[in-house]
Amino acid sequence: MSTANQSKAPFTLPALPYESNALEPHITANTLSFHHGKHHNAYVTNLNKLVEGTDLASLSLEDIMKKTAGVADKAGIFNNAAQIWNHTFYWHSMKPNGGGAPTGAIAEKINAAFGSYDKFKEAFASAAATQFGSGWAWLVSDNGTLKIVKTGNAECPLTTGVKPILTIDVWEHAYYLDFQNRRPDYIATFLDKLVNWDFANSNL
Ligand code: MN3
């Protein structure tokens, strides 16, 4: 995964792994101009300000996340750091002409963990649809076994010791311009038209 300069502050906004109109008509350039250009960028700007002059300024993005997760007086730092990481991971979880059933090692692991691709789809869509308010749904590997988890706000499974494989952003800013309040339609489109199984395979 392209992580741009995420080895220590000042961090930079990673470029999208495709043109901003490459996911149309499903996710428009208009959505990506706000979601990547404004939201993702703001997390980068905020984090750089928050860590400047502190002992966190020399740490990598992942180390900042691990060090501040669950620490009450570092919540602002954690939220911005994790949102940088989560969004970069989300851009790579999609590709033009993606979606549909997986191939390769991930296909076998999905069948082993969920019984079938259709069962996986149902469970992933349900997790994404039922995350109350803002957050994320994830496919993760827990010691080699695939699981689906959902997280609220900026929370990232990386800090709980499991390995993220794929994610979908279910904050309203991810889908509202294209799907308004129809989160289930956005989730179905993500699975049928956008999900990047090459990226998932590379994360196993
Ligand atoms: Mn987002």
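The coordinates are above.
Below is a summary of the structure that appears in this document.

A few points about the overall build of the protein chain
Right, on to step 1. Looking only at helices and strands, the protein chain has eight helices and three strands in total.
Right, on to step 2. Rg of the C-alpha trace for the protein chain: 16 Å, near the compact-globule value of 17 Å for 204 residues, within the 12% margin.
Right, on to step 3. With the principal axes as the frame, the protein chain shows a C-alpha extent of 50 × 40 × 30 Å.
Right, on to step 4. The proportion of buried residues among the 204 residues of the protein chain is 46%.
Right, on to step 5. Put simply, 68% of the contacts in the protein chain that link residues at least 6 apart link residues at least 24 apart.

Examining the coordination of the manganese ion
Six octahedral donors around a metal ideally make angles of 90 or 180 degrees; four tetrahedral donors ideally make 109.5 degrees.
Right, on to step 1. Note on the manganese ion: its protein donors are His35 (NE2), His87 (NE2), Asp169 (OD) and His173 (NE2). The metal-donor distances range over 1.9 to 2.2 Å.
Right, on to step 2. Here the donor residues of the manganese ion share one chain and are spaced in sequence as H-x51-H-x81-D-x3-H. One end of the pair, His35, is in helix α1 (residues 29–51); the other, Asp169, is in strand β3 (residues 163–169), and 134 residues separate them in sequence. The pair formed by His35 and Asp169 is uniform in burial state, with each residue classed as buried.

A short note on the packing of aromatic side chains
Right, on to step 1. Going through the model one piece at a time under the given rule, you end up with 15 aromatic pairs.
Right, on to step 2. Each ring, one from Trp85 and one from Phe89, has its centre 4.9 Å from the other, and the planes form 15 degrees; the classification is stacked. Here Trp85 and its partner Phe89 are both found in helix α3 (residues 75–92), four residues apart, which amounts to about one turn of the helix.
Right, on to step 3. For Trp85, a relative accessible area of 5% puts it in the buried group.
Right, on to step 4. Relative accessible area serves as the criterion here: at 3%, Phe89 is assigned to the buried category.
Right, on to step 5. Taken together, the ring pairs connect Trp85, Phe89, Tyr90, Trp91, Trp136, Trp138 and Phe199 into an aromatic cluster.

Thoughts on the nonpolar core
Right, on to step 1. Grouped together as the largest cluster of nonpolar side chains are 61 residues, with contacts concentrated most on Tyr90, Ile168, Tyr186 and Trp197.
Right, on to step 2. Top contributing element to this core by residue count: α3, with nine residues.
Right, on to step 3. Of the domains in this structure, domain 1 (29–92) and domain 2 (105–203) are the two that each give at least three residues to this core.

As for the side chain of Asn196
Right, on to step 1. With respect to the helices and strands, Asn196 occurs in the loop between α7 (183–194) and α8 (197–203).
Right, on to step 2. A distance of 3.1 Å separates a polar atom in the side chain of Asn196 from the backbone oxygen of His92.
Right, on to step 3. Engagement of the side chain of Asn196 in a polar contact is seen with the backbone nitrogen of Asp198, the distance being 3.1 Å.
Right, on to step 4. Leave out the neighbours within four places in its chain, and Asn196 touches His92, Ser93, Met94, Lys95 and Leu166.

Comments concerning the pattern of salt bridges
Right, on to step 1. The final tally for this structure, using the stated rule, is five salt bridges.
Right, on to step 2. Of the charged contacts, one joins Lys74 and Asp73 as a salt bridge, the two residues approaching to 4.0 Å between their closest N and O atoms.
Right, on to step 3. Among the ionic pairs, Asp185 bridges to Arg182, the shortest N-O distance being 3.0 Å.

Side note on the sheet that holds strand β2 (residues 145–152)
Right, on to step 1. With antiparallel pairing, the three strands of this open sheet are ordered in space as β2-β1-β3. Single-partner strands in this sheet number two, and they are β2 and β3. Within this sheet the neighbouring strands show an average axis-to-axis angle of 25 degrees, counted without direction.
Right, on to step 2. Where strand β1 (residues 135–142) lies against β2, eight bridges are found, and the strand directions are antiparallel.

Observations regarding the packing of helix α6 (residues 172–179) against α7
Right, on to step 1. Contact geometry for α6 and α7: axes closest at 10 Å, N-to-C directions at 95 degrees. It follows from the interaxial angle that α6 and α7 lie roughly perpendicular. Side by side, α6 and α7 meet where Ala174, Tyr175 and Phe179 of the first sit next to Arg183, Asp185, Tyr186 and Thr189 of the second.
Right, on to step 2. Residue composition of the contact of α6 with α7, grouped by class: four nonpolar, one polar and two charged.

Analysis parameters
- Residues numbered from 1 in each chain as written.
- Predicted model: local features only at pLDDT ≥ 70, side-chain atom pairs only at ≥ 80, totals over all residues.
- Heavy atoms only, no water.
- Helix = DSSP H or I, 4+ residues; strand = E, 2+ residues; numbered from the N terminus.
- Rg over C-alpha atoms; globule rule 2.2 N^0.38 Å.
- Buried < 20%, exposed > 50% of the residue type's maximum accessible area, 1.4 Å probe, protein only.
- Contact = heavy atoms within 4.5 Å.
- Donors = N, O, S within 2.8 Å, 3.2 Å for Na, K, Ca; no water.
- Phe/Tyr/Trp six-rings, centres within 6.5 Å; stacked < 30°, edge-to-face > 60°.
- Core = buried A, V, L, I, M, F, W, Y, C linked by side-chain atoms within 4.5 Å.
- Domains from an automatic or database assignment.
- Polar contact = N/O pair within 3.5 Å; in protein donor to acceptor, adjacent residues only side chain to side chain.
- Salt bridge = Lys/Arg side-chain N within 4 Å of Asp/Glu carboxyl O.
- Pairing = 2+ DSSP bridges.
- Axes fitted to C-alpha atoms, helices over the stretch in contact; angles between N-to-C directions.
- Parallel < 35°, antiparallel > 145°, perpendicular 65-115°, else oblique.
- Nonpolar A, V, L, I, M, F, W, Y, C, P; charged D, E, K, R; others polar.

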